[in-house]
Amino acid sequence: MTHQPQIDTSPKVSDEVRKTTCYMCACRCGINVHMKDGKVAYIEGNRDHPVNKGVLCAKGSAGIMQINAPSRLRAPLKRVGPRGSGEFEEISWDEALEIATKRLGKIRKDAPEKLAFFTGRDQSQSFTSFWAQAYGTPNYAAHGGFCSVNMATAGIYTIGGAFWEFGQPDWDHTKMFMLFGVAEDHDSNPLKIGLGKLKKRGAKVIGVNPIRSGYNAIADEWIGITPGTDGLFIMSLIRELLMAGKIDLHYLAQYTNAPMLLNCDPKSAEFGLLMRNGNGKMLVIDRATKKPTAFDKQGVQPDLSATYRKSGITHHPVFHRLAETYMVDEYAPENVTERCGIPAETIRRIAAELAHVAFEEAITLPIAWTDFRGEKHSEMIGRPVSFHAMRGISAHANGFQTCRALHILQIILGSVEVPGGFRFKPPYPKPFEAHPKPHCNAKPDAPLDGPHLGFVHGPEDLALRPDGSAARIDKAFTWENPMSSHGLMHMVISNAHAGDPYKIDTLFLYMANMAWNSSMNTSGVIKMLTDTDENGDYVIPNIIYSDAYSSEMVAYADLILPDTTYLERHDCISLLDRPISEADAAADAIRWPVIEPDRDVRGFQSVLCDLGARLGLPNFVNEDGSQKFADYADYIVNHERKPGIGPLSGFRGDGTQQGRGAVNPAQLDRYIENGGFSVTHIPKSASYYKPWNTEYQDWAVGMGIFDSPQPYLFSLYSEPMRRFQLAAEGHGERQPPEHLRQQVHNAMQPLPTWTESAKNDDQYPIHALTQRPMAMYHSWGSQNAWLRQIHGRNPLYLPTKIWAKHGFSEGDWACVTSPHGEIIVPVALHAALNEHTIWTWNAIGKRKGTWALDENAPEATNGFLLNHLIHELLPPKGDGLRWANSDPVTGQAAWFDLKVRLKKNAPPQNAQPAFPPIKSPVGQGPKNLTWKVGK
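What counts and what doesn't
- Residues numbered from 1 in each chain as written.
- Predicted model: local features only at pLDDT ≥ 70, side-chain atom pairs only at ≥ 80, totals over all residues.
- Heavy atoms only, no water.
- Helix = DSSP H or I, 4+ residues; strand = E, 2+ residues; numbered from the N terminus.
- Rg over C-alpha atoms; globule rule 2.2 N^0.38 Å.
- Buried < 20%, exposed > 50% of the residue type's maximum accessible area, 1.4 Å probe, protein only.
- Contact = heavy atoms within 4.5 Å.
- Areas by Shrake-Rupley, 256 points an atom, 1.4 Å probe, with all protein chains shown as cover.
- Lys, Arg positive; Asp, Glu negative; His and termini not counted.
- Charge placed at Lys NZ, Arg CZ, Asp CG, Glu CD.
- 1 Å grid on protein atoms, 1.4 Å probe; cavity = no way out; pocket = protein on both sides within 12 Å on 5 of 7 lines; lining within 4 Å.
- Points joined across faces, edges and corners; volume = space filled by probe spheres on them.
- Phe/Tyr/Trp six-rings, centres within 6.5 Å; stacked < 30°, edge-to-face > 60°.
- Lys NZ or Arg CZ within 6 Å of the ring centre and 35° of its normal.
- Salt bridge = Lys/Arg side-chain N within 4 Å of Asp/Glu carboxyl O.
- Nonpolar A, V, L, I, M, F, W, Y, C, P; charged D, E, K, R; others polar.
- Pairing = 2+ DSSP bridges.
- Core = buried A, V, L, I, M, F, W, Y, C linked by side-chain atoms within 4.5 Å.
- Axes fitted to C-alpha atoms, helices over the stretch in contact; angles between N-to-C directions.
- Disulfide = S-S within 2.5 Å.
- Arc of directions from axis to C-beta.

Caption draft 1: Representation of the overall build of the chain. Of regular secondary structure, the chain possesses 23 helices and 34 strands. Against the globule reference of 30 Å for 935 residues, the chain gives a C-alpha radius of gyration of 27 Å, in line with a compact fold. Across its three principal axes, the chain shows a C-alpha extent of roughly 85 × 80 × 70 Å. When each of the 935 residues of the chain is scored for burial, the buried share is 65%. The contacts in the chain between residues at least 6 apart in sequence include a share of 71% that link residues at least 24 apart. For the chain, the accessible surface area stands at approximately 33,100 Å², while carbon and sulfur atoms represent 49% of it. For the chain, the distance from the average position of its 96 positive side-chain charges to the average position of its 101 negative side-chain charges is 2 Å.

Now the structure itself:
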């Protein structure tokens, strides 16, 4: 060829790279935002970031579409038409804040509990809780009550932490990995990186999930379990390990409450409680002296088999109760196989494989360490078996006990905080006693008497009024759900509408699409939000809402405070909240405005700083009444939760201090220079055995995680739960009402037991599940021009057996019915699916008129929600009471207990139910979304 083409093989992508933190899901990956002429041109992963190490998924790259989305709100809005009409007028921020201040000020002066302030999937819960506490309402929580409170709470009460944000598998040493109920939207990049390591090393991966998608699709073995039976499967594994003697007796004796002496006299008022000395220390029998000894005494050798009798009362170690509970025929593989949908031989084989890897393939690291009893160890012994679990096992009415059972399986294998096992991420591990207890004492014109949320130790910590009624609008921390550590966001609107336990004045929501995919009983919630009383006034008088986009919820608010997108604001991913730590390091991060908004919007957290000052809230005003924090960035830098401890742990004092240190005015600049994050590594000698390792405990004190060392034992047996049972048996000053006495006793089993959560019903024989896809988080993907091409519509997936039984063919539709409602939706075949289960992607379906979508967009015509089939209440029992569709321990929404029937249906024009279009304040977006960056 005489003429060679001139091709620029490395075009200039940007003028500048600004490093920050992604917000397209909860991974909090590091991103490089490439800028051209002051605009975002391209987003890629940050290779230096501790979370993703440069890996970035489709939705992370598509973040550029969020800042160009036509659905972005543009200015504060005041409703001028009826609720649900979508009729608003734009107003100034001064007017919007004046309206909010006037309303909130009146409530606070008269009865602060009349404000219900709940936030969705934001990542600033430490700050929003701080604001609500200063305001004085007990009615605050984030979305965990309908997401995964069972996972978090069961973990903290059992081992002092939980999966995902609290811990991770030891990816470098694990040889066998089991994951339960994990959808693809949580922690996707770190999980993909970790799974890649396992596959490269030849470690075995087992996926336990009714649906084979995502991570389960690459597992070496897939267990298509029947929904809601994970706990039964796990307890059968526990039984097999106990029967075979394949348990770590040394680990149980040294690091758990297995050897603690338990009162075994049914006639005693302390039946089932642990024996303690005069200093409150739990007692064990020392194998050397044969005498009761404090569990933490130097040199003690706890005995797992001893019996001790005192004052006519026999005491056995917890380990006895554990064996009695699980070494029974009820949990034999052949007796659980039909309910779990897992062959008995498979259960036995997996138990044998776990035992073989844990004990025959144990690993040893030559790392010296000293335990909390003062004993020095020359090495660290590892059981290279690890587990990971998420919402799939926790969103059932038996989810709390299932999650606890999974931790007990880990514990008896000795695989928590050891090489090859599950490892905690700072600021965890923490004993549950290190967390606050919930507070609910609201007084006019005063802050709340303490944190809203926490961990109860017994009935005395419940959030009850003097007459025994619920102090909180969501009924968290009551006899109905005593350990509801994240609140019950899914019950707020229903309870407020019913006036049970009382009426509220204002519902204040942030990033919580409660009029659509974040609510059970979607159509019912819409009615509650628009319902009026006999005077024509709204039953829920005032609704304030903040979001960045024109979601379904916007139309049902009276006042809209428009938020920025994540590239236009400051955020703090804090050790006080939900950090980005890894098992070997404490790490936190920020977001910062890499671009300025081109609309009249403000970051919600900065708006709260302004509102806090206008309301004169303590900690939001100076002594002279002036505003204490100019905005959220000012708060992040200058707020101290206690001296030397602030929202960010890095670059404190003169910029060299980590964890503890004085306020550093240049702290945010240092984070930006460092790529938006800070990392402080744990000393090698403190890398494992963290709850008992003196080197780790001292490091944690230095970092400000603890004020003093907090070593503790894992709780196979939960004494707080037994205290609630004792109350149900008639002991103590605070006892449950009669109609809840049996429920409390059955639910609060101190050793996990399995109960069927979705009852067998010939009329509704099919389990129905929904999960978010990897390319979506919250609702944002369906209005993202790139991600819509991946998930623009969602069929209902059917297993081969159901598909064939009903004679379905490609392109068919089905009518699906539950005890609560009916939907008509398109179906598709999915062979890799539990034969009794159907499923669909969540949050794809959109209401017409929202998200700036065309009314004929596939999300609004063929997209749908299973939410229309689910109710926040159980079917009436004929006793006149309202029973929540929730776990009776924590109150977590039992989304995955849904059971249905289906039949073939003629294709309608749109998926049903179809709602009339909502008028949107941002209108409809252009047919083609285009823009030009750079010259």
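Caption draft 2: Structural view of the layout of surface pockets. Of the voids in this model, the second largest pocket is the one considered here, and its volume is about 1,300 Å³. The wall of the second largest pocket is formed by 45 residues, among which Ala-397, Ser-757, Leu-874, Ala-884 and Asn-885 lie closest to the centre. For the lining of the second largest pocket, the secondary structure elements donating two or more residues are helix H13 (399-412) and helix H21 (738-747). Counting residues per element, the lining of the second largest pocket draws most heavily on H21, at six residues.

Caption draft 3: Representation of the packing of aromatic side chains within the structure. Enumeration over the complete set of coordinates arrives at 44 aromatic pairs. Geometrically, the ring pair formed by Phe-130 and Tyr-635 is tilted, given 5.9 Å between the ring centres and 45 degrees between the ring planes. Of the two residues, Phe-130 sits in helix H4 (residues 125-135) while Tyr-635 sits in helix H17 (residues 632-638), which places them 505 residues apart along the sequence. Given a relative accessible area of 12%, Phe-130 falls into the buried group. Exposure remark for Tyr-635: the relative accessible area of 2% places this residue in the buried category. Three or more aromatic residues link up through ring pairs in this structure, and these residues are Phe-163, Tyr-251, Tyr-255, Trp-369, Phe-422, Phe-424, Tyr-689, Trp-692, Tyr-712 and Phe-714. For the cation-ring pair, Lys-430 lies above Tyr-428, with the distance from its terminal atom to the ring centre recorded as 5.5 Å. Looking at Arg-591, its charged tip hangs above the ring of Tyr-23, at a distance of 4.1 Å from the centre.

Caption draft 4: Local environment of the pattern of salt bridges. Going through the model one piece at a time under the given rule, you end up with 48 salt bridges. Linking Lys-475 and Asp-500 is a salt bridge whose minimum nitrogen-to-oxygen distance equals 2.8 Å. Here Asp-500 lies in the loop between helix H14 (489-498) and strand E23 (506-510) and Lys-475 lies in the loop between strand E22 (422-424) and H14, a separation of 25 residues in the sequence. Asp-812 is the partner of Lys-904 in a salt bridge, and the nearest nitrogen-oxygen pair spans 3.7 Å. Of this pair, Lys-904 sits in strand E34 (residues 899-905) while Asp-812 sits in the loop between helix H22 (800-805) and strand E31 (813-817), and the two are 92 residues apart along the sequence. Classification of Lys-904 by relative accessible area gives partly exposed; the value is 42%. In this structure Asp-812 comes out as buried when scored by relative accessible area, which is 18%. Ionic contacts of the salt-bridge type, sharing partners, join the residues Arg-239, Glu-240, Asp-329, Glu-334 and Arg-348 into one network.

Caption draft 5: Examining empty space enclosed by the protein more closely. Overall, the coordinates contain 10 cavities of 30 Å³ or more when judged by the stated rule. Each pocket or cavity is described by its volume, and for the largest cavity that value is around 260 Å³. Around the largest cavity sit 21 residues that line it, and Gly-181, Ala-183, Gly-392, Gln-771 and Phe-896 are the ones nearest its centre. Tallied by class, the residues present in the lining of the largest cavity amount to nine nonpolar, eight polar and four charged.

Caption draft 6: Focus on helix H5 (residues 149-158). Taken across its 10 residues, H5 has 10 buried, putting it largely inside the fold. Taken together, the buried positions of H5 are Val-149, Asn-150, Met-151, Ala-152, Thr-153, Ala-154, Gly-155, Ile-156, Tyr-157 and Thr-158. On its buried side, H5 packs onto strand E21 (385-389), helix H12 (391-394), H13 and helix H20 (719-728). Following H5 by one or two positions, Gly-160 adopts a phi angle in the positive range, close to 90 degrees.

Caption draft 7: Summary view of the pairing of E34. Sheet topology places strand E29 (residues 766-771) next to E34; two bridges connect them, and they run antiparallel. Within the sheet, the bridge partner assigned to Ile-766 lies in E34 and is Val-900. Where E31 meets E34, five bridges bridge the pair, whose relative direction is antiparallel. Following the sheet pairing, Val-816 is matched in E34 by Leu-902.

Caption draft 8: Seen up close, the nonpolar core. Ranked by internal contacts, the top residues of the largest apolar core, which has 113 residues, are Phe-180, Phe-233 and Phe-387. The contacts of Phe-233, once residues within four sequence positions are left out, are Met-178, Phe-180, Val-208, Ile-225, Cys-340, Ile-342, Ile-347 and Ile-350. Among the nonpolar cores identified, the runner-up in size contains 87 residues, and Leu-198, Ala-203, Phe-604 and Leu-648 belong to it.

Caption draft 9: Layout of the sheet that holds strand E26 (residues 571-573). Spatial ordering of the open sheet is given by E26-E27-E28, a layout of three strands whose pairing is antiparallel. Two strands in the sheet have a free side with no partner beyond their single neighbour: E26 and strand E28 (677-681). Ignoring strand direction, the axes of neighbouring strands in this sheet form an average angle of 10 degrees. Pairing between E26 and strand E27 (residues 585-591): three bridges, direction antiparallel. In the strand pairing of E27, Ile-573 is matched with Ala-589.

Caption draft 10: Broad picture of the state of the cysteines. Here the structure, examined in full by the defined rule, presents zero disulfides. No disulfide involves Cys-340; its sulfur sits 15 Å from that of Cys-403, the nearest cysteine. Left without a disulfide partner, Cys-572 is nearest to the cysteine sulfur of Cys-609, which lies 12 Å away. Taking the relative accessible area as the measure of exposure, Cys-572 reaches 5% and is therefore buried.

Caption draft 11: Quick peek at the side chain of Lys-848. Among the structural elements, Lys-848 can be located in the loop between strand E33 (837-841) and helix H23 (858-861). The buried charged residue Lys-848 lacks any salt bridge, with Glu-855 as its nearest oppositely charged partner at 5.5 Å. Once you skip the residues sitting within four places of it in the chain, Lys-848 turns out to touch Glu-855, Asn-856, Ala-860, Thr-861, Asn-910, Pro-916, Pro-917 and Ile-918.

Caption draft 12: Inspection of unusual backbone geometry at higher detail. The omega torsion across Pro-426 and Pro-427 is 15 degrees, close enough to zero to call that bond cis. Structurally, Pro-427 is set in the loop between E22 and H14. That bond from Gln-912 to Pro-913 is cis: its omega, 5 degrees, falls within 30 degrees of zero. Looking at the secondary structure, you find Pro-913 in the segment after E34. The backbone of Asp-37 shows a phi angle near 50 degrees, a positive value even though the residue is not glycine. Looking at the element boundaries, Asp-37 is found in the loop between strand E2 (30-36) and strand E3 (39-45).

Caption draft 13: Examining helix H9 (residues 318-326) more closely. Along H9, the residues classified as buried are Val-318, Phe-319, Leu-322, Ala-323, Thr-325 and Tyr-326. Down the axis of H9, the sector holding all buried residues measures 165 degrees, keeping them to one side. Where H9 is buried, its residues meet helix H7 (230-244), helix H8 (249-255), strand E12 (261-263), strand E16 (313-317) and H13.

Caption draft 14: How the structure looks around the environment of His-731. Take His-731: it is sitting in the loop between H20 and H21. Here the alpha-carbon distance between His-731 and Ile-595, two residues 136 residues apart in the chain, equals 61 Å. Beyond its immediate stretch of four places on either side in the chain, His-731 contacts Ser-268, Ala-269 and Leu-726.

In short, shape yes, function no, at least from these values alone.
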